[in-house]
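As a plain string of letters, each chain reads:
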Amino acid sequence: MADYNFQKIEKKWQAYWEKNQVFNAKADSSKPKFYSLDMFPYPSGAGLHVGHPLGYIASDIITRFKRLQGYNVLHPMGYDSFGLPAEQYAIQTGQHPAITTEQNINRYTEQLKNIGFAFDWAKEVRTSNPDYYKWTQWIFMQLFNSYYDKNEDKAKSIASLVETFQNSGNFEVNAVSDEDILEFSAPEWNAFSENQKQEILLKYRLTYLAETTVNWCPALGTVLSNDEVKDGFSERGGHPVERKKMMQWSMRITAYAERLLQGLDALEWSEPIKEMQRNWIGKSIGAEMLFQVKGQDKLIKVFTTRIDTIFGVTYLALAPEHDYVKELITEGQRKNAEAYVEMAKNRSERDRMSDVKTISGAFTGSYAINPFNGEEIQIWIADYVLAGYGTGAVMAVPAHDERDYNFAKHFGLEIRQVIEGSMENGSFPGKGGTIINSGFISGLEMKEAMDKAIAFLEEKKIGKGKIQYRMRDAIFTRQRYWGEPLPVYFKEGLPYLIEEKDLPLVLPEVDKYLPTEDGEPPLGRAKNWSYTTADGEFPLEKSTMPGWAGSSWYFFRYMDPKNTEKLVDPAIEKYWGAVDLYIGGAEHATGHLLYSRFWTKFLFDIGVVRIEEPFSKMINQGMIQGRSNFVYRIKGANTFVSSGLKDEYETSSMHVDVNIVHNDQLNLEKFKAWRPDLADAEFILEDGKYICGAEVEKMSKSKYNVVNPDDIIERYGADTLRMYEMFLGPLEQFKPWNTNGIDGVSKFLKKLWKLYHDKNGVLSVSEEKASKDELKILHKTIKKTQEDLEHYSFNTSVASFMICVNELTALKCNKREILEPLAVIISPYAPHITEELWTMLGHKDSIIYAKFPKFKEEFLIENSHEYPVSINGKVRSKLPLALSLNREEVEKAALSDGTVQKWLEGKSPKKVIVVPGKIINIVV
Ligand code: ANZ
């Protein structure tokens, strides 16, 4: 073979890897394991663009490197294939989402295979396959059958809870549950009807049906989770989202709040992502206390983080949605207060929170009593109090809380400063107002004052210390078609699980993918969507699971995807354990990454898996942005002017497809074919070329800057694509794609190829021993590559390969002793060309079975140095000398050098200064 024919080589090796299943991982305890996971894609209709594989290339390089180091690697790929886009498309075209999904998956797979990934395709999973979602449904069933025991701090079976109820009622039970649970004894429990029992159990189950305020998106006809809503609009499609009360399935993720928080510390994730999760969980340590309403049989419960400021409270504030609002409004305040509540209702909580400038609220006319000093304080309704946080009511301390302060100032309410003890430690230092004495907590440090105040609350039975989390339970249903059906049927309005033997509950066929005429979800259109038991036929749940269900546990299924008996075989799960390296986008910080951790902890609790945290280390790759190209049309004419000349005219710019531009030069023929309506256009050129303008923007179809990896591969090859994506810059950074730079990488691979061939293109490798210089170049590169890969610094390795190949080319090195290890260290980046070179070197086995070469320090140790000799400040000579020589020996060698003697012209030097290992200075 003469030239480097990447097309032939790449196809050949991809076929070889596939045929021989070389990446098919088996649990093998004789080797250390390495589990590398990529966030699996949603297969969209547009296919992959060059931004998508960035993370996959990085993880592929790491896994190939790990293989060379002797690890047993699991590196799977699959598809998150339920979701909205396929369904939206189905609504428009009537095409079944399963069909479009399958087409998209085929296209994705083909594109991924073209890049030469070392994926174990035998492990592929698709979340929309019944044999996969059978287990998603199974997990749902386990959650339904579990509750969270706070004493043991783990999930336990509902059956054991029922047993406790039967024996001792719920007095002793310390479980996570709904708030409104009444106490009952064993005889009371046993006397409850079946329906009453089920209603009570629902308040404990880890997945439960309850009326919840949800984000309802009328345009999409579905409920959305908090992380699917951005600033009051749906993340997909940008439709308005409103708050609405609906019966919904939820997951009691809040039961795991503390463990989710604690677990973060040990994870090797970036700090910003951990911080986002911490904020999302939002732990606050404080107290809950009751205020008696004056003249009414009502207690208002507040949550405060600063019970030590209790003597500075001057009013209470309730969220407009608070249950008591109606009854607290007195006749005298009715007009004003009700008008305010009506107005507040039409503003979403999010809007009210983000708008800190508008201060609005109203006095109810009622008063509450501060149990610490017996004072009567006004009860207000205020925008800034959130219905969904804490208790939806606050004790306001204007001197110490900024929002209370602004509110008090606005409405002329009293401001009262607690001077003793704790105020200096508050987040908002005491500000204005009368200074008052804090009664029995005067003069104490904040912590002490709080403890004492809480002791007072507990003694009076009007409050207690309380830890509050900002995180809410996660809503688990969507009123959509293309998702997992819930394995639930209804009997007398109460939910029951179908039997495990009836899993999977397969998604039924429907005539249209739209809600029914009475506003029921699409599954309401399915015929016979019911479940038959010995007691008769019952309707099945019509909502489906949200997008995050299938992706919350897929990393377990990859280990053992064909298992029909178990979610994953315990021995196999034990071997692979946690993911050693997870690469994916940072946008999943509070969605997928939190839900996966939750489900893993739950599966751990019930003994299905042996790890508590799924992703030990994570790297978030930056986005590859598009580099858009522009042409400039002269206003009012059908003429386009080249970029360099455009300032001479009045022009408007227009995006052009980057695929008809090369090195910023527009291909005029392709342009005319691309825009037939502009086929008659004229072009004003510079140096015979039309040069386009360029700008970095998001890669998107509408900006015509999408670069398809297939095109790059066809033109330059997959090895070039892989190396080039890494060469663009640090993995975590956002960076623009610029096809212009790709030639350099492509040339590098050609140069690498040439190193192994003579000038006639014939393989030419010498068996001679390598020189010191050659070994030094090689070992320098081994060291650098290894260090870089250990630090996930990919771009720097590519640069060092380039230097290495340049240096070896300069030495005309073709020694096997150098070229063999060189192929091995480059192989993770450019697997095809190196496989080919490896066979040409006479190896029978694939290069993936080679060993990563051992770096030897001894080759890097310099044993001589070329001393510059400076005479009266000018370098006149260069002297290679052994580094082992001492000062006198160096001086002697310098003075006896011919060139130096010539410059000395027979004079004896006044001074000779030797800096060992650096320079020799001679002054005459
Ligand atoms: C009195 C007080 C005095 C407070 C003080 C703060 C400072 P985090 O840390 O976010 O948990 N709060 C409680 N429930 C609220 C709600 N539903 N909407 C708006 N604000 C609410 O904040 C807890 C603090 O936020 C609580 O402590 C309460 O005000 C307020 F010097 O009580 B604090």
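## Quick notes on the overall build of the chain
Piece 1. For the chain, the helix and strand inventory stands at 29 helices and 38 strands.
Piece 2. For the chain, the spread of C-alpha atoms along the principal axes amounts to about 115 × 80 × 75 Å.
Piece 3. Buried residues in the chain amount to 53% of all 924 residues.
Piece 4. Across the chain, every contact between residues at least 6 apart in sequence was considered, and the portion connecting residues at least 24 apart equals 71%.
Piece 5. On the chain, roughly 41800 Å² of surface is accessible, and the fraction owed to carbon and sulfur atoms is 50%.
Piece 6. Where the 113 positive side-chain charges of the chain centre and where its 128 negative ones centre are 5 Å apart.

## Thoughts on the pattern of salt bridges
Piece 1. Using the criterion set out here, one finds 52 salt bridges in the structure.
Piece 2. Put simply, R126 and E124 hold a salt bridge, and the shortest N to O gap is 2.4 Å.
Piece 3. The network of salt bridges with shared partners includes R259, R597, K601, D605, E612 and E613.

## Some thoughts on the pairing of strand 1 (residues 33-38)
Piece 1. Taken across its 6 residues, strand 1 has 5 buried, putting it largely inside the fold.
Piece 2. Pairing analysis gives 3 bridges linking strand 1 to strand 2 (residues 72-74), with the strands arranged parallel. Note that in strand 2 the partner of Y35 across the bridge is L74.

## Some thoughts on the sheet that holds strand 26 (residues 618-620)
Piece 1. Within the open sheet, the 4 strands sit side by side as 2-1-25-26. Their pairing is parallel. With one partner strand each, in any of the chains shown, strand 2 and strand 26 form the two edges of the open sheet. Taken over all neighbouring pairs, the strand axes of this sheet differ in orientation by 15° on average, direction set aside.
Piece 2. One ladder, built from 3 bridges, connects strand 25 (residues 581-584) with strand 26; its direction is parallel. Following the sheet pairing, Y582 is matched in strand 26 by M618.
Piece 3. Across the face of the sheet, helix 2 (residues 53-68) comes into contact with strand 1, strand 2 and strand 25 while running at roughly 170° to strand 1.

## Describing helix 14 (residues 402-411)
Piece 1. Regarding helix 14, the residues found buried are D404, Y405, F407 and A408. Seen end-on, helix 14 carries its buried residues on one side only, within an arc spanning 170°.
Piece 2. The elements touched by buried residues of helix 14 are strand 13 (315-318), strand 14 (361-369), strand 15 (376-382) and strand 16 (393-396).
Piece 3. Here helix 14 starts with a cap whose side-chain oxygen sits 3.0 Å from the backbone nitrogen of R403, and that cap is D401.
Piece 4. Looking at the residues trailing helix 14, positive phi occurs at G412, about 65°.

## Examining the packing of aromatic side chains
Each aromatic ring pair is characterised by the separation of its centres together with the angle its planes make.
Piece 1. This structure, assessed with the given rule, holds 63 aromatic pairs.
Piece 2. Look at F476 and W548: their rings are 5.1 Å apart centre to centre, the planes differ by 70°, and that puts the pair in the edge-to-face class. Highlighted residues: F476 in the loop between strand 20 (474-475) and strand 21 (488-491) and W548 in helix 16 (residues 548-551), separated in sequence by 72 residues. A single burial state applies to F476 and to W548, both of which are buried.

## Quick look at the sheet that holds strand 37 (residues 911-915)
Piece 1. The strand order across the open sheet built from 4 strands is 36-35-38-37, with neighbouring strands paired in mixed fashion. For this open sheet the edge positions go to strand 36 (874-882) and strand 37, each flanked by a neighbour on one side alone. For this sheet the average axis-to-axis angle between neighbouring strands, irrespective of direction, equals 20°.
Piece 2. Strand direction decides the pairing type here: strand 37 and strand 38 (residues 919-923), joined by 5 bridges, are antiparallel. Pairing of V915 across the sheet is with I919, part of strand 38.
Piece 3. Of the strands in this sheet, strand 35 (864-871), strand 36, strand 37 and strand 38 touch helix 28 (residues 887-895), which is tilted by about 120° from strand 37.

## With respect to the site of the ligand
Piece 1. As a matter of local geometry, the ligand sits amid 18 residues, with S284, T304, L386, Y389 and R470 nearest to it.
Piece 2. Between the ligand and the protein, one listed contact pairs a nitrogen atom with a backbone N or O atom of L386 at 2.8 Å.
Piece 3. For the ligand, the accessible surface in isolation is 640 Å², of which the surrounding protein chains cover 87%.
Piece 4. The set of elements that each furnish at least two residues to the shell around the ligand consists of strand 12 (299-304) and strand 16.

## A few points about the environment of R470
Piece 1. Structurally, the position occupied by R470 is in the loop between strand 19 (463-469) and strand 20.
Piece 2. Separated by 81 residues in the primary sequence, R470 and Y389 have C-alpha atoms spaced 6.6 Å apart.

## Remarks on the domain arrangement of the chain
Piece 1. Structurally, the chain comprises domain 1 (30-139 + 548-620), domain 2 (156-252 + 487-539), domain 3 (283-469), domain 4 (636-697), domain 5 (718-859) and domain 6 (862-923).
Piece 2. Look at where the C-alpha atoms of domain 1 and domain 3 centre, and you get two points 47 Å apart.

## Some remarks on empty space enclosed by the protein
Piece 1. For the structure shown, the criterion picks out 1 cavity of 30 Å³ or more.
Piece 2. The calculated volume of the largest cavity comes to roughly 40 Å³.
Piece 3. Surrounding the largest cavity, R64, R67, L68, S827, I847 and I848 form its lining.
Piece 4. The class makeup of the residues in the lining of the largest cavity is 3 nonpolar, 1 polar and 2 charged.
Piece 5. Summarising the domain contributions, the lining of the largest cavity has at least three residues from each of domain 1 (30-139 + 548-620) and domain 5 (718-859).

## Some details on the pairing of strand 36
Piece 1. Bridge count for strand 35 against strand 36 is 8 bridges, and the pairing is antiparallel. Looking across to strand 36, one finds that H865 is bridged to L881.

## Overview of the nonpolar core
Piece 1. Core analysis: the largest hydrophobic core is formed by 181 residues, its most contacted members being F556, W599, M723, W737, F794 and L822.
Piece 2. Among the elements that take part in this core, helix 5 (residues 130-144) stands out by supplying 9 residues, more than any other.
Piece 3. Setting aside residues up to four positions removed in sequence, W737 forms contacts with V50, I624, Q625, R627, M699, V707, I712, L721, Y724, E725, L728 and I742.

## Structural notes on helix 19 (residues 592-605)
Within an α-helix, residues lying three or four positions from one another point in the same direction, as the helix has 3.6 residues per turn.
Piece 1. Relative to the 20 Å expected for 14 residues at 1.5 Å per residue, helix 19 spans 20 Å between its end C-alpha atoms, a close match to the ideal helical length.
Piece 2. Most of helix 19 sits out of view: 13 of its 14 residues are buried.
Piece 3. Remark: G607 follows helix 19 within two positions and exhibits a positive phi of approximately 80°.

## Quick notes on the environment of R887
Piece 1. As for its position among the elements, R887 is in helix 28.
Piece 2. Along the sequence, R887 and I920 sit 33 residues apart, while their C-alpha atoms lie 9.7 Å from each other.
Piece 3. When neighbours within four sequence positions are excluded, R887 is seen to be in contact with V914 and P916.
Piece 4. A polar contact is formed between the side chain of R887 and the backbone oxygen of V914, at a distance of 3.0 Å.

## A short note on unusual backbone geometry
Piece 1. Of note, the amide linkage connecting L503 to P504 takes the cis form, showing an omega dihedral of -5°.
Piece 2. Relative to the assigned elements, P504 resides in the loop between strand 22 (494-497) and strand 23 (530-533).
Piece 3. A positive phi angle is found at D664, which is not glycine, with a value near 70°.
Piece 4. For D664, the location among the structural elements is in the loop between strand 30 (661-662) and strand 31 (665-666).

## Let's talk about the packing of helix 21 (residues 709-716) against helix 22 (residues 718-727)
Piece 1. As a packed pair, helix 21 and helix 22 sit with axes 7 Å apart at the nearest point and diverge in direction by 120°. With respect to helix 22, the axis of helix 21 lies oblique. Within the contact between the two elements, helix 21 uses P709, I712, I713 and Y716 and helix 22 uses A718, T720 and L721.
Piece 2. A per-class count over the contact of helix 21 with helix 22 returns 6 nonpolar, 1 polar and no charged.

## Re the side chain of T600
Piece 1. Along the polypeptide, T600 turns up in helix 19.
Piece 2. Ignoring anything within four residues of it in the chain, the contact list for T600 reads F555, F556, V609, I611, E612, E613 and P614.

## A word on the packing of helix 24 (residues 772-790) against helix 25 (residues 794-810)
Piece 1. Between helix 24 and helix 25, whose axes approach to 9 Å, the crossing angle comes to 170°. In terms of orientation, helix 24 lies roughly antiparallel with respect to helix 25. Contact residues: helix 24 offers E774, I777, K780, T781, K784, T785, D788 and L789, while helix 25 offers F794, T796, S797, S800, F801, C804, E807 and L808.
Piece 2. Of the residues assigned to the contact of helix 24 with helix 25, the class counts are 6 nonpolar, 5 polar and 5 charged.

Scoring rules and cut-offs
- Residues numbered from 1 in each chain as written.
- Predicted model: local features only at pLDDT ≥ 70, side-chain atom pairs only at ≥ 80, totals over all residues.
- Heavy atoms only, no water.
- Helix = DSSP H or I, 4+ residues; strand = E, 2+ residues; numbered from the N terminus.
- Buried < 20%, exposed > 50% of the residue type's maximum accessible area, 1.4 Å probe, protein only.
- Contact = heavy atoms within 4.5 Å.
- Areas by Shrake-Rupley, 256 points an atom, 1.4 Å probe, with all protein chains shown as cover.
- Lys, Arg positive; Asp, Glu negative; His and termini not counted.
- Charge placed at Lys NZ, Arg CZ, Asp CG, Glu CD.
- Salt bridge = Lys/Arg side-chain N within 4 Å of Asp/Glu carboxyl O.
- Pairing = 2+ DSSP bridges.
- Axes fitted to C-alpha atoms, helices over the stretch in contact; angles between N-to-C directions.
- Arc of directions from axis to C-beta.
- Polar contact = N/O pair within 3.5 Å; in protein donor to acceptor, adjacent residues only side chain to side chain.
- Phe/Tyr/Trp six-rings, centres within 6.5 Å; stacked < 30°, edge-to-face > 60°.
- Near = heavy atom within 4 Å.
- Domains from an automatic or database assignment.
- 1 Å grid on protein atoms, 1.4 Å probe; cavity = no way out; pocket = protein on both sides within 12 Å on 5 of 7 lines; lining within 4 Å.
- Points joined across faces, edges and corners; volume = space filled by probe spheres on them.
- Nonpolar A, V, L, I, M, F, W, Y, C, P; charged D, E, K, R; others polar.
- Core = buried A, V, L, I, M, F, W, Y, C linked by side-chain atoms within 4.5 Å.
- Expected span 1.5 Å × (residues − 1).
- Parallel < 35°, antiparallel > 145°, perpendicular 65-115°, else oblique.

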